[in-house]
Amino acid sequence: QVQLQQSGAELVKPGSSVKISCKASGYTFTSYDMHWIKQQPGNGLEWIGWIYPGNGNTKYNQKFNGKATLTADKSSSTAYMQLSSLTSEDSAVYFCARVALRYYGSYYFDYWGQGVMVTVSS
Amino acid sequence: DVQMTQSPSYLAASPGESVSISCKASKSINTYLAWYQEKPGKTNKLLIYSGSTLQSGTPSRFSGSGSGTDFTLTIRSLEPEDFAVYYCQQHNEYPLTFGSGTKLEIK
């Protein structure tokens with residue numbers, strides 16, 4: 001069965017970076033876009049961007065350009081998101097989620113990871 | 001960006017009742033709207049996509065309707081496991097955007 005297993009919670013200092021992971025299993029990792037989503041209490045869900053592990057292509061929400069960097073390791077079926085220059089505004093839960101299909105109108109998420117809480121604090 | 005306005009933010013109902021949740025887009029998104037269920041300790045679950053298509057495994061008491069800018073999620077005859085938070089998401093264009101959520105609680 002499809003599973004997206006995310007790494008554990010992170011406590012990081014302002015100005016630093018953090019890299020969180022999402023290990024996929026139960027399907028062909030290189031054939032599906034992997035998306036990342038931010039959730040803050042009171043701010044709802046925000047889409048960050050996607051990576052296609054098959055060729056490394058990425059697309060970002062303009063709001064997260066320069067903040068998030070998406071990568072993928074085909075050998076371990078793991079997607080990564082690095083967040084840089086962290087501030088308190090980056091404290092949130094971050095999800096990875098798979099998109100079922102790659103064509104127009106199919107950008108909905110059929111599987112989600114459990115989420116990673118990132119806390120930015122000195 | 002397409003703004004998604006979801007209402008109500010909070011809803012209290014009893015098992016066996018029916019409820020509806022609204023999601024309005026700031027511009028037409030055709031029929032490209034998804035609904036998700038969020039429950040503590042579980043991963044988010046896709047319920048409906050393309051406005052009204054039930055994801056495999058979604059009980060038939062869930063239904064979605066709408067097109068253009070106005071959409072509705074209806075849950076008929078609530079079961080105890082339906083009490084959760086529900087989100088809508090437009091999947092018509094990038095950046096993908098979500099509603100702010102509706103918390104459905106037991107009355």
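Just above, that's the structure.
Bear in mind the structure is a predicted one, so any value in this text is a computation, not a measurement.

Cut-offs used in this document
Every chain begins its residue count from 1, and numbering advances along the sequence as written. Chains and ligands are labelled sequentially in the order written, the chains with letters from A and the ligands with numbers from 1. With the structure being a predicted model, the display of local features is reserved for residues of pLDDT at least 70 and the display and counting of side-chain atom pairs for 80 or more, all residues being used for whole-chain, interface and lining totals. The side-chain values count all of the structure's non-hydrogen atoms but skip hydrogen atoms and water molecules. By definition here, a salt bridge exists when the distance from a side-chain nitrogen of Lys or Arg to a carboxyl oxygen of Asp or Glu is within 4 Å. Helix and strand definitions follow DSSP, with helices as H or I runs of at least four residues and strands as E runs of at least two, each counted in order from the N terminus. Accessibility here uses a 1.4 Å probe with only protein chains present; expressed as a share of the type maximum, an area under 20% marks a residue as buried, one over 50% as exposed, and anything in between as partly exposed. We call two residues in contact when some of their heavy atoms are within 4.5 Å. Accessible area that two parts lose when put together, with a 1.4 Å probe and added across both, is what the buried area reports. Counting of polar contacts relies on pairs of N or O atoms within 3.5 Å, with two restrictions inside protein: one atom must be capable of donating a hydrogen and the other of accepting it, and residues adjacent in sequence are counted only when both atoms are side-chain atoms. Residues are sorted three ways: Asp, Glu, Lys and Arg are charged, Ala, Val, Leu, Ile, Met, Phe, Trp, Tyr, Cys and Pro are nonpolar, and all the rest, Gly among them, are polar. By disulfide we mean two sulfur atoms from cysteines, separated by a distance within 2.5 Å. Two strands qualify as a pair provided DSSP detects at least 2 bridges between them. In this analysis, axes come from line fits to C-alpha atoms, helices being fitted only over the stretch in contact, and the angle between any two N-to-C directions falls in the range 0 to 180 degrees. In this text, buried Ala, Val, Leu, Ile, Met, Phe, Trp, Tyr and Cys residues form a nonpolar core when linked through side-chain atoms within 4.5 Å.

Turning our eyes to something else, we now look at the pattern of salt bridges. All names here are of chain B. Applying the stated criterion across every chain yields a total of nine salt bridges over all chains. As a salt-bridge pair, Arg61 and Asp82 come within 2.8 Å of each other at their nearest N and O atoms. Highlighted residues: Arg61 in the loop between β6 (53-54) and β7 (62-67) and Asp82 in the loop between β8 (70-75) and β9 (85-90), separated in sequence by 21 residues. Residues Arg61 and Asp82 agree in their burial class; the two are buried.

Turning our eyes to something else, we now look at the interface of chain B and chain A. Contact residues are listed per partner, giving 18 residues for chain B and 20 residues for chain A. Carbon and sulfur atoms supply 63% of the area that chain B and chain A bury against each other, a total of about 1,800 Å² over both sides. Where chain B packs against chain A, one counts zero salt bridges. Applying the counting rule to chain B against chain A returns eight residue pairs in polar contact (both at pLDDT 80 or more). Those elements that provide at least two residues to the side of chain B that touches chain A are β4 (33-38), β5 (45-49) and β9 of chain B. In terms of residue count, the dominant contributor to the side of chain B that touches chain A is β4(B) (three residues). In terms of residue class, the side of chain B that touches chain A is made up of ten nonpolar, seven polar and one charged.

Taken as a whole and assessed by the stated rule, the structure comprises two disulfides over all chains. Sulfur-sulfur distance for the disulfide between Cys22(A) and Cys96(A) comes to 2.0 Å. The disulfide joining Cys22(A) to Cys96(A) has a torsion of about 75° about its S-S bond and is therefore right-handed. Of this pair, Cys22(A) sits in strand β3 (residues 18-25) while Cys96(A) sits in strand β9 (residues 92-99), and the two are 74 residues apart along the sequence. Residue class for Cys96(A) comes out buried when judged on its relative accessible area of 0%. Covalently, Cys23(B) is tied to Cys88(B) through a disulfide, its sulfur atoms 2.0 Å apart. Since a negative S-S torsion denotes a left-handed disulfide, the Cys23(B)-Cys88(B) link at about 65° is right-handed. Separated by 65 residues along the polypeptide, Cys23(B) in strand β3 (residues 19-25) and Cys88(B) in strand β9 bring together distant segments of the chain. Accessibility expressed as a relative area gives 0% for Cys23(B), which makes it buried.

All names here are of chain B. Residue classification places Asp82 among the buried positions, given a relative accessible area of 1%. Setting aside chain neighbours within four positions, we find Asp82 in contact with Gln37, Arg61, Phe62, Ile75 and Leu104. A polar side-chain atom of Asp82 sits 2.8 Å from a polar atom in the side chain of Arg61. A distance of 2.8 Å separates a polar side-chain atom of Asp82 from the backbone nitrogen of Glu79.

Structurally, Asp110(A) is set in strand β10 (residues 109-112). Excluding residues within four positions of it along the chain, Asp110(A) makes contact with Arg98(A), Val99(A), Ala100(A), Leu46(B) and Gln55(B). A polar atom in the side chain of Asp110(A) sits 2.6 Å from the side chain of Arg98(A).

The next point concerns the sheet that holds strand β1 (residues 3-6) of chain A. Residue and element names in this part refer to chain A. An order of β1-β3-β8-β7 is seen for the four strands of this open sheet, with the pairing classed as antiparallel. Each edge of the sheet is formed by a strand with only one pairing partner; in this case those strands are β1 and β7 (68-73). With strand direction ignored, the average angle separating the axes of adjacent strands in the sheet is 20°. One ladder, built from four bridges, connects β1 with β3; its direction is antiparallel.

As a further point, take the nonpolar core. The biggest cluster of nonpolar side chains holds 26 residues, and the ones touching the most others in it are Ile20(A), Met34(A), Trp36(A), Met81(A), Tyr94(A) and Val118(A). For this core, the secondary structure elements donating two or more residues are β3, β4 (34-40), β5 (44-52), β7, β8 (78-83), β9 and β11 (116-120) of chain A. Apart from the residues lying within four places of it in its own chain, the contact partners of Met81(A) are Val18(A), Lys19(A), Ile20(A), Trp36(A), Ile48(A), Ala68(A), Thr69(A), Leu70(A) and Tyr94(A). Ranked by size, the runner-up nonpolar core spans 23 residues in total, among them Val19(B), Leu33(B), Phe62(B) and Ile75(B).

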